[in-house]
Amino acid sequence: MLHKLLTGWLGAALLLASSLISAEPAHYKIVTGPERGTYIQIGQDLSKWVAQPVGIDLAVVASKGSAENVQRMRYEPGVKLALVQSDVYQAYIDMANSGNPDAGTAIRPLRLIMPLYDEEINVVVRADSPLKTLGDIKDKTISVGLLGSGTAQSATTLYRLMFGQAIPEQNVQHLSNEDALAALIVKKVDVAIIVVGQPAKLFNDMNPELLQQIRLLKADSAAPETTRAKQTYFPATIRATSYPNWLKEDVPTLTVKAFLVTYDYGLRDTVGNLNHFADSLCANFDNLQEHGHPKWKQVKLELPTLVRGWKYYPPVEKHLRACLANRTASVNAAAAAAQVAQKPRSTCTNQERLLLLCK
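This one's a predicted model, so the numbers in the text were calculated from it and none came from an experiment. (Residues numbered from 1 in each chain as written. Predicted model: local features only at pLDDT ≥ 70, side-chain atom pairs only at ≥ 80, totals over all residues. Heavy atoms only, no water.)

(A) Here's a closer look at the overall build of the protein. Scanning the protein from terminus to terminus reveals 14 helices and 10 strands. In the protein, buried positions account for 50% of the 359 residues. Counting only contacts in the protein whose residues sit at least 6 apart along the sequence, the fraction spanning at least 24 positions is 77%. Carbon and sulfur atoms make up 54% of the accessible area of the protein, which totals about 17,600 Å². (Helix = DSSP H or I, 4+ residues; strand = E, 2+ residues; numbered from the N terminus. Buried < 20%, exposed > 50% of the residue type's maximum accessible area, 1.4 Å probe, protein only. Contact = heavy atoms within 4.5 Å. Areas by Shrake-Rupley, 256 points an atom, 1.4 Å probe, with all protein chains shown as cover.)

(B) Representation of the packing of helix α4 (residues 86-97) against helix α6 (residues 150-163). Put simply, α4 and α6 touch, their axes get as near as 9 Å, and they point 80° apart. As the angle between them shows, α4 and α6 are arranged roughly perpendicular. Contacts between α4 and α6 involve D87, V88 and A91 from the former and G150, Q153 and S154 from the latter. Split into classes, the residues belonging to the contact of α4 with α6 amount to 2 nonpolar, 3 polar and 1 charged. (Axes fitted to C-alpha atoms, helices over the stretch in contact; angles between N-to-C directions. Parallel < 35°, antiparallel > 145°, perpendicular 65-115°, else oblique. Nonpolar A, V, L, I, M, F, W, Y, C, P; charged D, E, K, R; others polar.)

(C) Quick look at the nonpolar core. With 59 residues, the main nonpolar core has L46, L58, Y89, L116, L260 and F277 as its most contacted residues. Leave out the neighbours within four places in its chain, and L58 touches Y28, K29, I30, L46, S47, A51, L81 and F277. Membership of the second largest hydrophobic core comes to 25 residues, among which are V125, L134, I167 and Y233. (Core = buried A, V, L, I, M, F, W, Y, C linked by side-chain atoms within 4.5 Å.)

(D) Structural detail: α6. Counted at 1.5 Å a residue, the expected span for α6 with its 14 residues is 20 Å, and the 20 Å between its end C-alpha atoms agrees. Restricting attention to buried positions, one finds in α6 the residues G150, T151, A152, S154, A155, T157, L158, Y159, L161, M162 and F163. (Expected span 1.5 Å × (residues − 1).)

(E) Fine view of the pattern of salt bridges. The full count for this structure, using the stated rule, is 12 salt bridges. Across the salt bridge formed by E76 and K29, the nearest N and O atoms sit 2.8 Å from each other. With E76 in the loop between α3 (66-75) and β3 (79-85) and K29 in strand β1 (residues 26-31), the pair connects residues that are 47 residues apart, well separated along the chain. Residue E76 is classed as partly exposed on the basis of its relative accessible area, which comes to 24%. One continuous salt-bridge network, built from bridges that share partners, spans K29, E68, R72 and E76. (Salt bridge = Lys/Arg side-chain N within 4 Å of Asp/Glu carboxyl O.)

(F) Up close: the side chain of R126. With respect to the helices, strands and loops of the structure, R126 is situated in strand β4 (residues 110-126). Judged by relative accessible area, which is 14%, R126 ranks as buried. Engagement of the side chain of R126 in a polar contact is seen with the backbone oxygen of V189, the distance being 2.8 Å. (Polar contact = N/O pair within 3.5 Å; in protein donor to acceptor, adjacent residues only side chain to side chain.)

(G) Broad picture of the state of the cysteines. The final tally for this structure, using the stated rule, is 1 disulfide. Sulfur-sulfur distance for the disulfide between C282 and C323 comes to 1.4 Å. Disulfide C282-C323: the torsion about the S-S bond is 60°, which places it as right-handed. Within this pair, whereas C282 is found in helix α11 (residues 268-283), its partner C323 is found in helix α13 (residues 314-342), the two being separated by 41 residues in sequence. On the accessibility criterion, C323 (6% relative accessible area) is buried. (Disulfide = S-S within 2.5 Å.)

(H) Representation of the packing of aromatic side chains within the structure. Per the counting criterion, the structure on display carries 7 aromatic pairs. Following the ring pairs from residue to residue traces out a cluster consisting of Y89, F259 and W310. (Phe/Tyr/Trp six-rings, centres within 6.5 Å; stacked < 30°, edge-to-face > 60°.)

(I) Structural view of the side chain of R72. Here R72 lies in helix α3. A relative accessible area of 18% means that R72 is categorised as buried. Here the side chain of R72 touches E76 through a polar contact of 2.7 Å, side chain to side chain. Those residues in contact with R72 that sit more than four places away from it in its chain are V31, V61, A62, S63 and V79.

(J) Up close: the environment of K138. Along the chain, K138 turns up in the loop between β4 and β5 (142-143). The exposure class of K138 is partly exposed, given its relative accessible area of 35%. For the pair K138 and Q165, spaced 27 residues apart in sequence, the C-alpha to C-alpha distance is 9.9 Å.

Right, dumping it as structure tokens:
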């Protein structure tokens with residue numbers, strides 16, 4: 001029953017898709033993250049399951065990460081969508097509000113489509129390192145990620161929150177995720193901070209022998225450093241099942257939220273295509289959760305209230321809220337129908353018995 005009810009309103013999006021087959025596709029780009037990160041896989045899922053059905057040719061573009069994505073979303077032709085970490089987005093807003101004109105120019109025209117999932121902060125050390133928890137990384141040599149990456153923003157923000165100061169300049173290395181792990185193994189750095197959603201190809205594709213030379217630090221929930229970090233980040237767990245060839249047990253850590261972002265477009269064709277994208281996102285959300293990266297199972301199709309300075313893209317917000325209302329109504333109708341079907345009949349009329357409508 002629920003399937004039939006949902007099919008009724010989802011069919012509109014499917015009819016829309018068929019009407020666009022003969023039309024020239026719109027050629028858009030989504031900027032994501034490193035080649036072996038989670039963002040690029042999320043982008044590929046959106047291209048396949050959401051953009052293609054409504055005639056949008058969505059090219060998935062690798063990048064250093066969130067800060068670069070903000071810049072490319074703002075200034076690069078053809079980039080209509082981006083994946084951005086919440087702490088990076090907030091850092092731009094804070095800097096704009098403090099009077100930085102470049103930050104204001106970059107962030108103020110950007111708009112959110114919807115929140116996605118949490119990305120885990122992986123704080124990696126050598127297997128033989130004496131460090132045990134996140135609070136032990138003070139004054140160590142740390143790879144914080146490439147300049148322009150979300151990892152770099154998260155790593156430096158995390159350190160400042162935990163210890164009340166910036167990482168000493170002489171202790172900072174700006175390396176890619178792969179290079180950071182290599183530098184860690186050969187003892188050129190003490191710590192590599194990598195922000196990526198689990199399960200990450202970065203770790204699962206590693207040589208098993210090299211993987212056994214590294215381990216994760218735990219976030220000690222009782223430590224004051226962890227308490228201070230929770231001003232911005234949230235508790236989470238890196239599951240052993242995500243990395244069965246590496247972890248023997250779950251590891252407590254912290255997370256940052258990922259968002260799907262666009263620009264405050266006003267051109268009719270672009271607005272129309274993004275509205276089609278929103279309808280398809282709603283219609284194909286179950287496909288994303290079933291066939292896409294495992295992180296999609298953590299995504300909720302919802303538009304929560306935003307903090308000050310953050311704004312949804314109004315045309316897409318309107319379409320998504322209509323979709324959410326339809327989904328809710330369909331679920332409620334299915335539940336009501338099921339309840340009626342299960343309600344026992346106490347009495348039967350003679351006419352019902354004659355027509356074999358009552359047993």
